[in-house]
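Take a look at the letters that make up each chain.
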Amino acid sequence: IQCSMHRHTAYPSYVSVKSDGRTAYVVNEEAAFISVIDLDKITVQDSFATRKSLSALYLLPDERFGLATSSSFADLSLLDLVNGRLLSITHNTREISPFILLLPN
């Protein structure tokens, strides 16, 4: 799927949907931003730059934060999804798998 948002051509590589089924987060790895999609209206509600190539986004249990993986950099990033900000990135000497399993409390 090819799409254009905010004059950037991007290949959406991963989609996470909130538990209410009304909001989706699309990781645009090539352009380094995340699009927030209103699934009721099927429109782009918002988008924010991550300034980092991310491959997948996993919503944490409260859904205000997300854990993102990067296949290119083999690391993890913490995202504030409410304010649209990249909060932190791991600095490690080993690769981290892009696949994460989050278990509910």
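Residues numbered from 1 in each chain as written. Predicted model: local features only at pLDDT ≥ 70, side-chain atom pairs only at ≥ 80, totals over all residues. Heavy atoms only, no water.

1. Some thoughts on a nonpolar patch on the surface
Quick note on the threshold: Here a patch means residues that are over 30% exposed by relative accessible area and free of salt bridges, tied together within 9 Å if like-charged and within 5 Å if nonpolar (Val, Leu, Ile, Met, Phe, Trp, Tyr). The protein chains shown are the only cover counted for residues, whose accessible areas, like all others here, come from Shrake-Rupley with a 1.4 Å probe. Counted as salt bridges are all cases of a side-chain nitrogen of Lys or Arg within 4 Å of a carboxyl oxygen of Asp or Glu. Buried residues are those whose accessible area, probed at 1.4 Å on protein chains only, stays under 20% of the maximum for their type, while exposed residues exceed 50% and partly exposed ones sit between those limits.
Taken together, Val15, Val17, Leu39 and Ile42 make up a surface patch of nonpolar side chains, about 340 Å² in accessible area. Residue classification places leucine 39 among the partly exposed residues on the basis of a relative accessible area of 30%.

2. Some remarks on the pairing of strand β6 (residues 43–49)
Selection rule: The pairing criterion is simple: DSSP has to find at least two bridges between the two strands. Helix numbers and strand numbers start at the N terminus; a helix is a DSSP run of H or I with at least 4 residues, a strand a run of E with at least 2.
Here strand β5 (residues 33–38) pairs with β6 via 6 bridges, running antiparallel. By the bridge assignment, serine 35 is partnered in β6 with serine 47. The hairpin formed by β5 and β6 contains 4 residues between the paired strands, and isoleucine 42 there has a positive phi angle of roughly 50°.

3. Let's talk about the confidence of the model for the protein chain
Detailed conclusions should not be drawn from predicted coordinates in areas where pLDDT is low. Rule in force here: Confidence of the prediction at every residue is given by pLDDT, a number between 0 and 100. Contacts: residue pairs with any heavy atoms within 4.5 Å of one another.
Taken over all residues, the pLDDT of the protein chain has a mean of 85, while the share at 70 or more is 89%. Averaged pLDDT values over the elements of the protein chain bottom out at 43 in strand β1 (residues 3–5) and peak at 95 in β6. The low-confidence segment residues 1–8 (pLDDT under 50) makes 17 contacts with residues lying over four places distant or belonging to another chain.

4. With respect to the environment of valine 17
Take valine 17: it is sitting in strand β3 (residues 12–17). Measuring from C-alpha to C-alpha, the distance between valine 17 and leucine 59 comes to 8.2 Å, with 42 residues separating the pair along the chain. Contact partners of valine 17, with chain neighbours within four places excluded, come to Thr23, Ala24, Leu39 and Leu59.

5. Considerations on unusual backbone geometry
Glycine aside, negative phi is the norm for most residues, and most peptide bonds take the trans geometry. The phi torsion at arginine 51 lies on the positive side, around 60°, for a residue other than glycine. Structurally, arginine 51 is set in the loop between β6 and β7 (56–59).

6. Points about the sheet that holds β7
Sheet strands line up and pair through hydrogen bonds in the backbone, either parallel or antiparallel. This is how the line gets drawn: What counts as an axis is a line fitted to C-alpha atoms, over the stretch in contact for a helix, and the angles between N-to-C directions run from 0 to 180 degrees.
Within the open sheet, the 4 strands sit side by side as β7-β8-β9-β10. Their pairing is antiparallel. The open sheet is flanked by β7 and β10 (85–89), the only strands paired with a single partner. On average, each strand axis in the sheet is inclined to that of its neighbour by 30°, with strand direction left out of account. By the bridge criterion, 4 bridges tie β7 to strand β8 (residues 65–70) in an arrangement that is antiparallel. In the sheet register, leucine 57 faces β8, and the bridge partner there is alanine 68.

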